[in-house]
Amino acid sequence: MRIQHILPGDIERTSMSIIASELAERGAVLPPEHEAVIKRVIHTTADFDYVRSLRFTPRAVELGQAALRQGVPIITDTNMAKAGISRPSLEKLGCTLHCFMADPEIAELAKKQGLTRAAVSMEKAAQDHPVAIFAVGNAPTALLRIAELIEEGLRPALVIGVPVGFVNVSESKEILLSSCETHDVPAIAAMGRKGGSSVAAAICNALLYGATETLDPAARGWQ
């Protein structure tokens with residue numbers, strides 16, 4: 001057996017070519033404005049179910065990219081998602097990246113209030129960065145708190161709701177999407193149980209690459 005395609009850029013281009021071919025075999029036609037995000041998530045997960053489960057509010061990708069070009073920060077609910085987001089792309093756009101989950105004061109406040117650290121970290125994020133992109137890949141309580149804050153007047157640049165699991169996961173996405181649609185907040189959500197920190201990071205990266213015109217890995221300096 002001969003191993004080919006060992007350089008990062010070559011691996012990504014070949015992977016995207018395989019994804020495009022398999023999508024065609026399945027008869028899946030992606031909306032052009034959503035194509036890069038859906039393919040990036042499939043590239044990260046090898047799961048074609050995201051073709052049907054990813055939901056977008058009108059112009060979500062366009063508005064998310066526009067916000068990034070204006071330098072809005074990205075907030076994640078896990079350090080894992082934070083670690084997976086492209087630093088060079090963030091630097092090109094002057095965007096910052098934050099995760100408050102491990103902050104000692106968040107743990108203390110969560111204990112006092114009887115809430116999860118994820119929910120309290122979103123409260124802090126909303127106070128410090130109210131017009132950020134919120135990317136939630138793990139905690140449905142974070143997504144539910146964002147939905148509550150939207151009802152109270154928070155207007156994020158974009159909410160990415162892709163937590164994974166079995167308890168309150170599907171429900172949190174439905175509630176979030178309903179709040180975002182009602183209040184014209186852009187949102188991208190993976191309906192159902194599937195998702196995760198890697199999916200949240202993949203969506204952020206697709207938006208960043210689009211905003212910096214570096215969807216092709218060669219444009220990012222990869223061979």
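Treat the numbers as computed from the prediction; the structure is a model and nothing was measured.

Parameters at a glance
- Per chain, the residues get numbers from 1 upward, laid out in the order the sequence is written.
- Side-chain atom pairs in this predicted model are given and counted only at pLDDT of 80 or more, local residue features only at pLDDT of at least 70, and totals for whole chains, interfaces and linings cover all residues.
- Computation of side-chain values: all heavy atoms of the structure, hydrogens and water removed.
- For helices the rule is a DSSP run of H or I covering at least 4 residues; for strands it is a run of E covering at least 2, with both sets numbered from the N terminus onward.
- The globule rule used here is 2.2 Å times the number of residues to the 0.38 power, and the radius of gyration it is set against is calculated over C-alpha atoms.
- For every residue, the accessible area obtained with a 1.4 Å probe (protein chains only) is divided by the maximum for its type, and the residue is called buried under 20%, exposed over 50%, and partly exposed between those limits.
- Whether two residues are in contact is decided by their heavy atoms: any pair within 4.5 Å suffices.
- Method for areas: the Shrake-Rupley scheme with a 1.4 Å probe, in which residue coverage is limited to the protein chains shown.
- Charged residues are defined narrowly, with Lys and Arg counted positive, Asp and Glu counted negative, and His plus the chain ends left uncounted.
- Taken as the charge location is NZ of Lys, CZ of Arg, CG of Asp or CD of Glu.
- A carboxyl oxygen of Asp or Glu within 4 Å of a side-chain nitrogen of Lys or Arg is what we treat as a salt bridge.

Draft legend 1. Representation of the overall build of the protein chain within the structure. Helix and strand counts for the protein chain stand at eleven helices and six strands. Relative to the globule expectation of 17 Å for 223 residues, the C-alpha radius of gyration of the protein chain, 17 Å, shows essentially globular dimensions. In terms of overall dimensions, the protein chain has a C-alpha envelope of 60 × 35 × 35 Å along the principal axes. Counting all 223 residues of the protein chain, 51% fall into the buried class. Summarising the internal contacts of the protein chain: among those between residues at least 6 apart in sequence, 68% fall at separations of at least 24. When the accessible area of the protein chain is evaluated, it comes to approximately 10800 Å², of which 53% is carbon and sulfur surface. Each charge class in the protein chain can be summarised by its mean position, and for the 22 positive and 25 negative side chains these summaries are 4 Å apart.

Draft legend 2. Structural context of the environment of Ala67. Examined against the element boundaries, Ala67 turns out to sit in helix 4 (residues 60–69). Distance from Ala67 to Val131, taken between C-alpha atoms, is 8.9 Å for residues 64 residues apart in sequence. Contact partners of Ala67, with chain neighbours within four places excluded, come to Val72 and Ala157.

Draft legend 3. Structural detail: the pattern of salt bridges. On inspection of all chains with the given rule, the structure shows 13 salt bridges. Residue Arg145 pairs with Glu123 through a salt bridge whose shortest N-O separation is 2.8 Å. Highlighted residues: Arg145 in helix 9 (residues 140–151) and Glu123 in helix 8 (residues 117–128), separated in sequence by 22 residues. The burial state of Arg145 is the same as that of Glu123; both residues are buried.

Draft legend 4. Focus on unusual backbone geometry. Located in the positive-phi region is Asp184, a residue other than glycine, with phi close to 55°. Relative to the assigned elements, Asp184 resides in the loop between helix 10 (169–182) and strand 6 (187–190). Given a relative accessible area of 71%, Asp184 falls into the exposed group. Even without being glycine, Glu213 reaches a positive phi, approximately 55°. Examined against the element boundaries, Glu213 turns out to sit in the segment after helix 11 (197–211).

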